[in-house]
Amino acid sequence: MAGAALSSPAALAQSKVMRIIVPYAAGGPIDVTARLMAERVKDSLGTVIIENKPGGGGNIGVDAIAKAPPDGLTIGISAVATHAINPWLYSKMPYNAATDFAPITQMVRVPNVLVINAETAQRLSIHTLADLIKYAKANPAKLNYASGGNGSAGHLAGEMFKARAGIFALHIPYNGGNPAQLALLSGQVDFNFDNLATASANIKAGKLKALAVTTAQRSALLPDVPTVAETLKGFEIDTWWGLVAPAGTPKDVVAKLNQAFVAALNSPEAKTRFATLMAEPVASTPEQFGAFMKSELAKYEKVVKASGAKVD
């Protein structure tokens, strides 16, 4: 457990301490943004501590959120993995992603980017996404792509891309995003779908060529790079996370939390800090975030089933 107790005159007046459960280890982008939010809401909500509960692909921490008292004092992070992918990936789930939570607000969207090894791109004359698809169709089973593991966001983005483009490329799963990126840099694999935060340094260094971003609109962080949807209509997949409370948390409590966190997300300080993580803050109403999570859960059911990925 990692705690970051925050105190202020307003917080000291409150006897009850609020906690945000982060279902991942300390130090990652999700943890960093949660701590930033905790710091920004202390004047309106009082002392907020961060509790890291990693494990089980995020399921352990999220289960703790689901089973906490619905009093607004324990909230936590929901993410694309825990609320859209895992329910279809794991044969047994400790919580119900659709019914066990009260949405508060989405926090962040991180664009994913389709990157190809720069030397491979040069050698095969692949300069655009259309070039990649054309090459794959003319050379069946010649291309392969890496991911951080079976059922990872990169694996599912790859399978979705193959299905939409009508191509075949061999999936090579690695034990985590870093080994997958090293395999791409060394030319062991041809391309992958990575989050922009991880890939950006190697794109800037010219080691990787960015062919397309996976968000519906172009990213302000890579404005010259087209979207996959510009070539394959309707393609959209990105990494997101937000805040949820246990189901049954009173609506007025959820509304108060939403107000505080939306103000924090819209603050200039948060926007500046998030930009360094290549993340875009996304403030929403509880209803908007609930509808978004529902649509993501439905979308990934098809993607996970088509990929054949399973974790038992």
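Quick notes on the rules
All residue numbers here refer to positions counted from 1 along the written sequence of the relevant chain. Owing to the predicted nature of the model, reporting of local features is limited to residues with pLDDT of at least 70; listing and counting of side-chain atom pairs is limited to 80 or more, with chain, interface and lining totals taken over all residues. Excluded from the side-chain calculations are hydrogens and water; all other atoms, namely the structure's heavy atoms, are used. Paired strands are those between which DSSP finds at least two bridges. Comment: elements are numbered from the N terminus, with helices defined as DSSP H or I runs of at least four residues and strands as E runs of at least two. A fitted line through C-alpha atoms represents every axis, and for helices the fit uses only the stretch in contact; the resulting angles, taken between N-to-C directions, go from 0 to 180 degrees. Note on exposure labels: buried denotes an accessible area under 20% of the residue type's maximum, exposed denotes more than 50%, and partly exposed covers the range between, all computed with a 1.4 Å probe on protein chains only. In the cavity and pocket records, a cavity denotes points on a 1 Å grid over the protein atoms alone where a 1.4 Å probe fits but cannot get out, a pocket denotes an open set with protein on both sides within 12 Å along at least 5 of 7 lines, and lining residues are residues with an atom within 4 Å of a point. Grid points are joined across faces, edges and corners, and a volume is the space filled by probe spheres set on the points. Residues are grouped as follows: Ala, Val, Leu, Ile, Met, Phe, Trp, Tyr, Cys and Pro are nonpolar; Asp, Glu, Lys and Arg are charged; all remaining types, including Gly, are polar. On a range of 0 to 100, pLDDT expresses the predictor's confidence in each residue. For this analysis, residues touch if any pair of their heavy atoms sits within 4.5 Å. One less than the number of residues in a helix, times 1.5 Å, gives the span that helix is expected to have. Residues enter a nonpolar core if they are buried and are Ala, Val, Leu, Ile, Met, Phe, Trp, Tyr or Cys, with the set joined through side-chain atoms within 4.5 Å. Throughout this description, any angle smaller than 35 degrees is read as roughly parallel, any larger than 145 degrees as roughly antiparallel, any in the 65 to 115 degree range as roughly perpendicular, and the remainder as oblique. Each Phe, Tyr or Trp ring, with Trp reduced to its six-membered ring, pairs with another whose centre is within 6.5 Å; inter-plane angles below 30 degrees give stacked pairs, above 60 give edge-to-face pairs, and intermediate values give tilted ones. The salt bridge criterion pairs a side-chain nitrogen of Lys or Arg with a carboxyl oxygen of Asp or Glu, the two atoms within 4 Å.

### With respect to the sheet that holds strand E7 (residues 170–173)
Part 1 of the argument: The mixed open sheet is built from five strands, whose spatial order is E7-E6-E8-E5-E9. Of all strands in the sheet, those with a lone pairing partner are E7 and strand E9 (208–213), marking the two edges. Along the sheet, successive strands turn relative to each other by an average axial angle of 30°, direction set aside.
Part 2 of the argument: Pairing geometry for strand E6 (residues 144–147) and strand E8 (residues 191–195), over two bridges, is parallel. From the neighbouring strand, Ala146 faces E8, where its bridge partner is Asn192.

### A look at the environment of Pro140
Part 1 of the argument: Take Pro140: it is sitting in the loop between helix H7 (129–138) and E6.
Part 2 of the argument: What makes Pro140 exposed here is its relative accessible area of 61%.
Part 3 of the argument: The spatial distance from the C-alpha of Pro140 to the C-alpha of Ile167 is 7.4 Å, given a sequence separation of 27 residues.

### A look at the layout of surface pockets
Any empty space left between atoms is shown by rolling a water-sized probe over those atoms.
Part 1 of the argument: Each pocket or cavity is described by its volume, and for the largest pocket that value is around 1,100 Å³.
Part 2 of the argument: What lines the largest pocket is a set of 41 residues, and nearest its centre among them are Ser152, Ala153, Gly177, Asn195 and Thr239.
Part 3 of the argument: For the lining of the largest pocket, the elements supplying multiple residues, two or more each, are helix H2 (29–40), helix H5 (80–89), E6, helix H8 (153–165), helix H9 (177–185), E8, helix H10 (196–204) and strand E10 (239–246).
Part 4 of the argument: Examining the composition of the lining of the largest pocket, we find that five residues originate from one element, H5, more than from any other.
Part 5 of the argument: In terms of residue class, the lining of the largest pocket is made up of 20 nonpolar, 19 polar and two charged.

### Thoughts on the pairing of strand E5 (residues 112–117)
Part 1 of the argument: Within E5, six of the six residues are buried, which leaves it mostly tucked inside the rest of the structure.
Part 2 of the argument: Relative to E9, E5 is paired through five bridges, and the arrangement is antiparallel. Within E9, the residue paired with Ile116 across the bridge is Lys209.

### Here's the deal with the confidence of the model for the protein chain
Part 1 of the argument: Averaged over all residues, the pLDDT of the protein chain is 91; the fraction at 70 or higher stands at 95%.
Part 2 of the argument: Here residues 1–14 scores under 50 on pLDDT; set against residues more than four positions off or in separate chains, the count is 33 contacts.

### Things to note about H8
Part 1 of the argument: Under the 1.5 Å per step criterion, the end-to-end length of H8 is 18 Å for 13 residues, consistent within 8% with the ideal 18 Å.
Part 2 of the argument: Of the residues making up H8, those classed as buried are Gly154, His155, Leu156, Ala157, Gly158, Glu159, Met160, Phe161, Lys162 and Ala165.
Part 3 of the argument: Directly beyond the C-terminal end of H8, a positive phi value near 70° is found at Gly166.

### Quick look at the nonpolar core
Part 1 of the argument: Counting 47 residues, the largest nonpolar core has Leu114, Leu129, Leu132, Leu143, Phe161, Phe191 and Tyr300 as its most contacted members.
Part 2 of the argument: Those residues in contact with Tyr300, other than ones at most four positions away along the chain, are Val80, Ala84, Ile85, Trp88, Leu156, Ile237 and Asp238.
Part 3 of the argument: If you look at the next biggest cluster of nonpolar residues, it comprises 33 residues, including Ile20, Ile30, Leu45 and Ile50.

### Quick notes on the packing of H8 against helix H13 (residues 286–307)
Part 1 of the argument: At a minimum axis separation of 9 Å, H8 and H13 run at an interaxial angle of 85°. Between H8 and H13, the crossing angle belongs to the class labelled roughly perpendicular. Within the contact between the two elements, H8 uses His155, Leu156, Glu159 and Met160 and H13 uses Tyr300, Val303, Val304 and Ser307.
Part 2 of the argument: Taken together, the residues that form the contact of H8 with H13 break down as five nonpolar, two polar and one charged.

### Re the packing of aromatic side chains
Part 1 of the argument: Tallied over the full model, the rule gives seven aromatic pairs.
Part 2 of the argument: When the centroid spacing of 5.5 Å and the interplanar angle of 20° are considered together, the rings of Tyr145 and Phe191 count as stacked. With Tyr145 in strand E6 and Phe191 in strand E8, this residue pair connects regions lying 46 residues apart in the sequence. Phe191 matches Tyr145 in its accessibility class, with the two residues each being buried.
Part 3 of the argument: Taking the centre distance of 6.0 Å and the plane angle of 90° together, the rings of Trp240 and Phe289 count as edge-to-face. Here Trp240 is found in strand E10, whereas its partner Phe289 is found in helix H13, with 49 residues between them in sequence.
Part 4 of the argument: Here the aromatic cluster, defined as three or more aromatic residues joined through ring pairs, consists of Tyr145, Phe161, Phe191 and Phe193.

### Brief notes about the pattern of salt bridges
Part 1 of the argument: One pass over the structure, following the stated rule, counts eleven salt bridges.
Part 2 of the argument: As a salt-bridge pair, Arg40 and Glu269 come within 3.6 Å of each other at their nearest N and O atoms. Of this pair, Arg40 sits in helix H2 while Glu269 is found in helix H12 (residues 268–276), placing the two residues 229 residues apart along the sequence.
Part 3 of the argument: Note on Glu269: relative accessible area 43%, which makes it partly exposed.
Part 4 of the argument: Between Lys162 and Glu159 there is a salt bridge; the shortest N-O distance is 3.0 Å. Taken together, the positions of Lys162 and Glu159, both in helix H8 and three residues apart, correspond to about one turn of that helix. Judged on exposure class, the residue Lys162 and its partner Glu159 are both buried.
Part 5 of the argument: Connected through salt bridges with shared partners, the residues Arg19, Glu51 and Lys53 form a single ionic network.

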